[in-house]
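Given next are the chains, with one letter for each unit.
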Amino acid sequence: QVQLVESGGGLVQPGGSLRLSCAASGSIFSINSMGWYRQAPGNQREVVAVIATGGSPIYADSVKGRFTISRDNAKNTLYLQMNNLKPEDTAVYYCNTILRSARSGALSDYWGQGTQVTVSS
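A quick note: this is a predicted structure, and the numbers were derived from the prediction, not measured. (Residues numbered from 1 in each chain as written. Predicted model: local features only at pLDDT ≥ 70, side-chain atom pairs only at ≥ 80, totals over all residues. Heavy atoms only, no water.)

Asker: Describe the overall build of the chain, listing the residues and the values that go with them.
Answerer: Assigned secondary structure in the chain consists of 0 helices and 11 strands. Start at the N end of the chain and walk to the C end: the helices and strands fall as β-β-β-β-β-β-β-β-β-β-β. The C-alpha atoms of the chain give 14 Å as radius of gyration, which agrees with the globular expectation for 121 residues (14 Å, within 12%). Projected onto its principal axes, the C-alpha positions of the chain cover 50 × 25 × 25 Å. The buried share of the chain, reckoned over its 121 residues, is 38%. Across the chain, contacts joining residues at least 24 apart in sequence account for 56% of those joining residues at least 6 apart. If you sum the accessible surface of the chain, you get close to 6,400 Å²; carbon and sulfur atoms cover 47% of it. Distance between charge centroids for the chain: 6 Å, based on 10 positive and 7 negative side chains. (Helix = DSSP H or I, 4+ residues; strand = E, 2+ residues; numbered from the N terminus. Rg over C-alpha atoms; globule rule 2.2 N^0.38 Å. Buried < 20%, exposed > 50% of the residue type's maximum accessible area, 1.4 Å probe, protein only. Contact = heavy atoms within 4.5 Å. Areas by Shrake-Rupley, 256 points an atom, 1.4 Å probe, with all protein chains shown as cover. Lys, Arg positive; Asp, Glu negative; His and termini not counted. Charge placed at Lys NZ, Arg CZ, Asp CG, Glu CD.)

Written as structure tokens, this is what we have:
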């Protein structure tokens, strides 16, 4: 079993910053990729940023230059530094990982429970 635990969401004023964290734990043999997605009310879930193991980060156009995704491979932890936040960034942010189980060898994707980010004055 694999668990993703997210933290760091909250309420921030426009122009402010937040840092999200996502810690993966459990039966992990290897991680192929980790990423952040978000879903605003009435909208579909969309990709924010993804980073594959050994690869370069990929960002949605709407967050380029403002958000930075990073990983601590030793800790199986993913981060999202969000700067210059805008009201349109308001959403529930979800962590996702595609990994291979140490128990079964199966390649599967997992989702965190989500953390609310609200940008408002």
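What follows picks up the thread again.
Asker: So what's going on with unusual backbone geometry? Which residues, and what values?
Answerer: Leave glycine aside and you will find that most residues have negative phi; peptide bonds, for their part, are mostly trans. The phi dihedral of Asn76 falls on the positive side, at around 50 degrees, and the residue is not glycine. With respect to the helices and strands, the residue Asn76 is situated in the loop between β7 (67-72) and β8 (77-82).

Asker: Describe the state of the cysteines, and please don't skip the residues or the numbers.
Answerer: What the rule picks out here adds up to 1 disulfide. What pairs with Cys22 in a disulfide is Cys95, and their sulfur atoms sit 2.1 Å apart. Given an S-S torsion of about -80 degrees, the disulfide between Cys22 and Cys95 has left-handed geometry. With Cys22 in strand β3 (residues 18-26) and Cys95 in strand β9 (residues 91-101), this residue pair connects regions lying 73 residues apart in the sequence. (Disulfide = S-S within 2.5 Å.)

Asker: Lay out the nonpolar core in plain terms, naming residues and giving numbers.
Answerer: In terms of nonpolar packing, the biggest core is built from 28 residues, with Trp36, Val48, Phe67, Leu78, Leu80, Met82 and Tyr93 touching the most fellow members. Within the residue set of this core, elements represented by two or more residues are β1 (2-7), β3, β4 (28-39), β5 (46-52), β7, β8, β9 and β11 (115-119). Beyond its immediate sequence surroundings of up to four residues, Leu78 is in contact with Leu20, Ser21, Cys22, Met34, Gly35, Trp36, Ile51, Ile69, Ser70, Arg71 and Cys95. (Core = buried A, V, L, I, M, F, W, Y, C linked by side-chain atoms within 4.5 Å.)

Asker: Lay out the packing of aromatic side chains in plain terms, naming residues and giving numbers.
Answerer: Across all of its chains, the model carries 1 aromatic pair by this definition. On the numbers, 5.0 Å between centres and 65 degrees between planes, the contact of Tyr37 with Trp111 is edge-to-face. Linking Tyr37 in strand β4 with Trp111 in strand β10 (residues 107-111), this pair joins segments that are 74 residues apart in sequence. Seen from the ring of Tyr79, Arg19 lies directly overhead, with NZ or CZ sitting 4.1 Å from the centre. Its guanidinium or amino end placed over the ring of Tyr94, Arg45 lies 3.7 Å from that ring's centre, counting from NZ or CZ. (Phe/Tyr/Trp six-rings, centres within 6.5 Å; stacked < 30°, edge-to-face > 60°. Lys NZ or Arg CZ within 6 Å of the ring centre and 35° of its normal.)

Asker: Hey, could you go over the sheet that holds β1 for me, with residue numbers and the actual values?
Answerer: The sheet built from 4 strands is open, its strands ordered β1-β3-β8-β7 with antiparallel pairing. Each having just a single partner strand, β1 and β7 make up the two edges of the open sheet. Each strand axis lies, on average, 15 degrees off the axis of its neighbour in the sheet, ignoring direction. Here β1 pairs with β3 via 6 bridges, running antiparallel. Each bridged residue has a counterpart across the sheet, and for Gln3 the counterpart in β3 is Ser25. (Pairing = 2+ DSSP bridges. Axes fitted to C-alpha atoms, helices over the stretch in contact; angles between N-to-C directions.)

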